[in-house]
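Here are the chains, one letter per residue:
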Amino acid sequence: MIRPILAYGAPILRQQTRELSRETPGLQQLITDMWQTLDNAAGVGLAAPQIGQPLRIFLADNRDEAEHLRQVFINASILEYGNTFSTEEEGCLSIPGLSVPVTRPDSIIIRYQDADFQTRTATFEGMNARIIQHEYDHVEGRLYLDRLSSLSRTLLRHKLQKVSRGKFRPSYPMQFPLRN
Ligand SMILES: [Zn+2]
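Below is a summary of the structure that appears in this document.

### So, the pairing of strand E8 (residues 119-125)
In terms of strand pairing, strand E7 (residues 107-113) meets E8 through 7 bridges, oriented antiparallel. Within E8, the residue paired with Ile109 across the bridge is Thr123. Counting the residues between successive antiparallel strands, the hairpin from E7 to E8 contains 5 residues, one of them, Phe117, with a positive phi of roughly 65°.

Written out as structure tokens, the structure is:
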């Protein structure tokens with residue numbers, strides 16, 4: 001089932017998230033719904049808080065041939081960040097109509113559980129490292145906006161108000177916290 005994506009301003013995007021276990025009720029359905037929601041929105045990543053679930057699970061989907069990645073990350077923890085950085089434009093399904101340069105480490109080492117609850121440790125680089133860091137931010141209650149300078153954030157404030165009010169309508173279903 002495709003779920004509506006919550007827009008910037010929804011309190012759950014800033015909440016603490018809970019760890020999952022094999023026994024978490026509805027887990028397989030949640031994963032199925034998250035993939036359907038992500039595919040429908042043609043995004044590269046989606047985290048559970050974006051569909052209203054305060055849980056430590058996110059998806060990454062990089063269709064690039066050289067870097068192909070389609071993976072569920074459960075209870076992830078970034079163990080190490082590389083010491084070189086890049087700046088690339090980032091967007092977010094919860095912040096439609098906005099794309100902003102964000103500086104992040106080029107590589108990460110992450111420990112996580114896959115969809116079968118097998119614990120894995122892996123290194124990711126480039127676009128995959130960026131997507132994973134963006135989604136990891138979501139399960140930590142952060143947004144890429146938090147990584148911008150305070151000046152950039154001030155300049156974006158008016159536009160972000162419009163996002164919360166539903167002025168930017170993407171092609172996928174959304175819920176806007178300030179719509180009235
Ligand atoms: Zn996002």
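### Topic: the coordination of the zinc ion
On the protein side, the zinc ion has Cys92 (SG), His134 (NE2) and His138 (NE2) as donor atoms, found 2.0 to 2.2 Å from it. Sequence positions of the residues that donate to the zinc ion give the spacing C-x41-H-x3-H. With a gap of 42 residues between them, Cys92 in the loop between strand E5 (85-90) and strand E6 (100-105) and His134 in helix H2 (residues 126-139) connect regions that are remote in the sequence. When sorted by exposure, Cys92 lands in the same class as His134, which is buried.

### Some details on the nonpolar core
Of all hydrophobic cores here, the largest spans 23 residues; its most connected members are Ile5, Met34 and Ile57. When residues of this core are traced back to their parent elements, those giving at least two are helix H1 (27-41), strand E3 (57-62) and strand E4 (69-81). Considering every element that reaches this core, the biggest residue donor is H1, with 7 residues. Each residue touching Ile57, except ones within four places of it in the same chain, is listed here: Leu20, Leu27, Leu30, Ile31, Met34, Ala47, Ala48, Val72, Phe73, Ile74 and Val139.

### Notes on H1
In this model H1 runs 21 Å from its N-terminal to its C-terminal C-alpha over 15 residues, within 8% of the 21 Å that 1.5 Å per residue would give. Among the residues of H1, Leu27, Leu30, Ile31, Asp33, Met34, Trp35, Thr37, Leu38 and Ala41 are the ones counted as buried. Where H1 is buried, its residues meet strand E1 (5-6), strand E2 (45-47), E3 and E4. Phi for Ala42, located one or two positions after H1, is positive at around 55°.

Rules used throughout
- Residues numbered from 1 in each chain as written.
- Predicted model: local features only at pLDDT ≥ 70, side-chain atom pairs only at ≥ 80, totals over all residues.
- Heavy atoms only, no water.
- Pairing = 2+ DSSP bridges.
- Helix = DSSP H or I, 4+ residues; strand = E, 2+ residues; numbered from the N terminus.
- Donors = N, O, S within 2.8 Å, 3.2 Å for Na, K, Ca; no water.
- Buried < 20%, exposed > 50% of the residue type's maximum accessible area, 1.4 Å probe, protein only.
- Core = buried A, V, L, I, M, F, W, Y, C linked by side-chain atoms within 4.5 Å.
- Contact = heavy atoms within 4.5 Å.
- Expected span 1.5 Å × (residues − 1).

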